[in-house]
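# Structural features, examined
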Amino acid sequence: MKSSQYIDILGQQVPKRTVLFVVGSVTIVVGGVVGLLYYLMLAGSAPIAATPAIPTTVTTVTTVTTAATPTAMVAEPKDSHRVNQSNSKMSSQSSLVTLLEKHLEATQLSEVDSLIVHGAASTSTVNCELVMMARRPNLYTLKTEGIGFKYTSELGYNGQIGWSRLNLLNLNKDDVEFFTRVALFESSLAQLAWSYQSRQAVESGLESVLERLPNEQWQGRVCAVVVSRGLLPFPIYHYIDQESHEEVYRRTQVLRGIDLVDLEMHLAPSDAAASPRLPMGYELYYDGTLHDTIAITKIRPNRGVFKSRFDAPSDATTVSLSLSGRVD
């Protein structure tokens with residue numbers, strides 16, 4: 001017996017073929033929607049690389065991930081290096097400032113604007129009286145007079161040029177310039193403190209006039225080493241005792257003609273009862289050989305030394321004090 005060609009739906013005769021077509025179409029649509037939803041759920045919960053149905057997407061994502069990784073690895077060390085450099089510079093500056101503050105406290109030079117220093121110099125053959133004058137930040141003179149023989153000399157620096165008045169015979173131009181540099185090296189006893197408090201240090205940065213170097217041992221003492229430059233025509237290396245925070249040794253090199261001469265000062269201890277506290281003498285060495293021994297007898301601070309006192313007198317010879325270069 002053959003089946004009917006029609007199906008009764010709500011009292012209407014509908015061809016069976018039409019009913020089967022509609023049902024099949026609905027089934028396909030619903031199945032597609034369910035499949036799509038299922039795929040989206042899998043895509044949200046698992047790596048795309050695990051979905052074999054779309055290999056192109058896997059390649060794209062893998063390429064982006066690989067490219068991003070080295071970029072992050074390169075950027076991190078650069079930032080870290082920059083931070084380390086900044087921290088190192090800040091640490092060095094902080095260490096220098098701490099040292100200089102202790103030096104000011106020990107020497108009591110923070111409120112001293114000028115100095116007059118009296119003393120006596122002796123060598124193996126002659127003795128002289130000396131007077132040094134200084135005014136911050138970089139004005140200096142040194143005058144010597146012979147004891148028991150006729151001799152007078154005065155050498156100075158006005159912040160820009162050197163000058164000299166000498167009554168010695170047979171001194172050529174190179175020697176006059178050399179002894180003017182030596183006088184500046186000797187008389188600048190407060191240069192470290194005055195460099196720290198100078199306008200240049202404030203306006204251009206402390207590093208423009210002072211730099212801290214690694215500590216060194218000098219005659220059994222652990223010393224902080226600071227080089228001053230910029231305010232004088234040659235650098236000076238200052239050795240600060242880590243216990244007393246006073247300067248105990250300094251060195252430089254200066255020109256004598258075309259030759260560089262090593263200058264050293266071995267500084268004596270200060271007078272604990274004095275204010276300010278400067279070394280009460282020193283030994284001066286040329287190329288490692290003792291040249292002068294100086295005993296300081298009186299220090300007079302803030303005695304109204306006028307700036308014009310450091311100008312070259314009309315009968316003085318101006319002297320070139322060009323940079324001698326850095327000490328190695």
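Everything here concerns the structure above.
Residues numbered from 1 in each chain as written. Predicted model: local features only at pLDDT ≥ 70, side-chain atom pairs only at ≥ 80, totals over all residues. Heavy atoms only, no water.

## Let's talk about the pairing of strand β14 (residues 289-301)
We count it as follows: Strands are treated as partners if at least two bridges between them are detected by DSSP. Only DSSP runs of H or I reaching four residues or more are called helices, and only runs of E reaching two or more are called strands; each is numbered from the N terminus.
Taken together, the 8 bridges between strand β3 (residues 114-122) and β14 define a ladder with antiparallel strand orientation. Counted as the bridge partner of Ala-120 is Ala-295 from β14. Of the strand pairs in this sheet, strand β13 (residues 281-286) and β14 are connected by 6 bridges, and their pairing is antiparallel. From the neighbouring strand, Tyr-285 faces β14, where its bridge partner is Leu-290. Counting the residues between successive antiparallel strands, the hairpin from β13 to β14 contains 2 residues, one of them, Asp-287, with a positive phi of roughly 50°.

## Details of the packing of aromatic side chains
Selection criterion: Aromatic contacts are taken between Phe, Tyr and Trp rings whose centres are within 6.5 Å, Trp giving its six-membered ring; a plane angle under 30 degrees counts as stacked, one over 60 as edge-to-face, and the others as tilted. Only protein chains enter the accessibility calculation, which uses a 1.4 Å probe; a residue whose area is less than 20% of its type maximum is buried, one above 50% is exposed, and one in between is partly exposed.
Throughout the structure, instances matching the rule amount to 6 aromatic pairs. Judged by centre distance (6.0 Å) and plane angle (10°), the ring pair of Phe-149 and Tyr-151 falls under stacked. The partly exposed category is assigned to Phe-149, whose relative accessible area is 35%. Their ring planes at 15° and their centres at 4.7 Å tell us that Trp-218 and Tyr-249 sit as a pair that is stacked.

## Regarding helix α3 (residues 173-187)
To keep it simple, the criterion reads: Expected helix span is computed as 1.5 Å times (number of residues minus one).
For α3, spanning 15 residues, the distance from its first C-alpha to its last is 21 Å, which sits close to the expected 21 Å at 1.5 Å a residue. A large share of α3 lies buried, amounting to 12 of its 15 residues. By the burial criterion, the buried members of α3 are Asp-175, Val-176, Glu-177, Phe-178, Thr-180, Arg-181, Val-182, Ala-183, Leu-184, Phe-185, Glu-186 and Ser-187.

## Overview of the side chain of Asp-241
So the rule is basically this: Note on charges: Lys and Arg go in the positive column, Asp and Glu in the negative column, and His and the chain ends are not counted at all. Salt bridge, as applied in this entry: a Lys or Arg side-chain nitrogen positioned within 4 Å of an Asp or Glu carboxyl oxygen. Only heavy atoms matter for contacts: two residues are in contact if any of them lie within 4.5 Å across the pair.
With respect to the helices and strands, Asp-241 occurs in strand β10 (residues 236-241). For the buried Asp-241, no salt bridge is present, and the opposite-charge side chain at shortest range is Arg-221, 4.6 Å distant. Those residues within four positions of Asp-241 in sequence are excluded, and the remaining contacts are Arg-221, Val-222, Cys-223, Glu-246 and Val-248.

## Section: the environment of Thr-107
Rules: N or O atoms closer than or at 3.5 Å make up a polar contact, with two conditions inside protein: a donor-capable atom paired with an acceptor-capable one, and, for residues adjacent in sequence, both atoms drawn from side chains.
With respect to the helices, strands and loops of the structure, Thr-107 is situated in helix α2 (residues 55-107). Considered as a pair, Thr-107 and Ala-190 are 83 residues apart in the sequence and their alpha carbons are 9.2 Å apart. Among all residues touching Thr-107, those that are not within four sequence positions of it are Pro-276 and Arg-277. In this structure the side chain of Thr-107 is engaged in a polar contact, spanning 2.8 Å, whose partner is the backbone oxygen of His-103.

## What to know about the pairing of strand β9 (residues 221-228)
Counting buried positions over the 8 residues of β9 gives 6, a clear majority of the element. As defined by bridge partners, strand β8 (residues 210-218) adjoins β9 across 7 bridges and the pair is classed as antiparallel. When the sheet's bridge partners are listed, Leu-213 is paired in β9 with Val-225. Following β8, the chain reverses through 2 residues before pairing antiparallel with β9; Gln-219 in that reversal takes a positive phi of roughly 50°. Relative to β10, β9 is paired through 6 bridges, and the arrangement is antiparallel. Looking across to β10, one finds that Val-226 is bridged to His-238.

## Some thoughts on unusual backbone geometry
Cis geometry marks the peptide bond from Arg-136 to Pro-137; its omega dihedral reads 0°. Tracing the backbone through its elements, the reader meets Pro-137 in the loop between β4 (127-135) and β5 (139-146). Across the junction of Ser-275 and Pro-276, the peptide omega takes the value 0°, indicating a cis bond. Note that Pro-276 resides in the loop between β12 (259-267) and β13.

## So, the pattern of salt bridges
A full pass over the atoms with the stated rule returns 11 salt bridges. Taking the shortest distance from any N to any O, the salt bridge between Arg-256 and Asp-175 comes out at 3.0 Å. Within this pair, whereas Arg-256 is found in strand β11 (residues 247-256), its partner Asp-175 is found in helix α3, the two being separated by 81 residues in sequence. For Asp-175, a relative accessible area of 15% translates into the label buried. In this structure, the salt-bridge partner of Arg-229 is Glu-211, at a minimum N-O distance of 3.0 Å.

## Focus: the nonpolar core
Heads up, the rule is: We call a set of buried Ala, Val, Leu, Ile, Met, Phe, Trp, Tyr and Cys residues a nonpolar core when their side-chain atoms join them within 4.5 Å.
Core analysis: the largest hydrophobic core is formed by 53 residues, its most contacted members being Leu-115, Trp-194, Leu-206, Leu-210 and Leu-263. If you tally residues by element for this core, the top one is α3, at 6 residues. Setting aside residues up to four positions removed in sequence, Leu-210 forms contacts with Leu-96, Leu-100, Leu-192, Ser-195, Tyr-196, Val-226, Val-227 and Ser-228. Among the nonpolar cores identified, the runner-up in size contains 8 residues, and Trp-218, Val-227, Tyr-237 and Tyr-239 belong to it.

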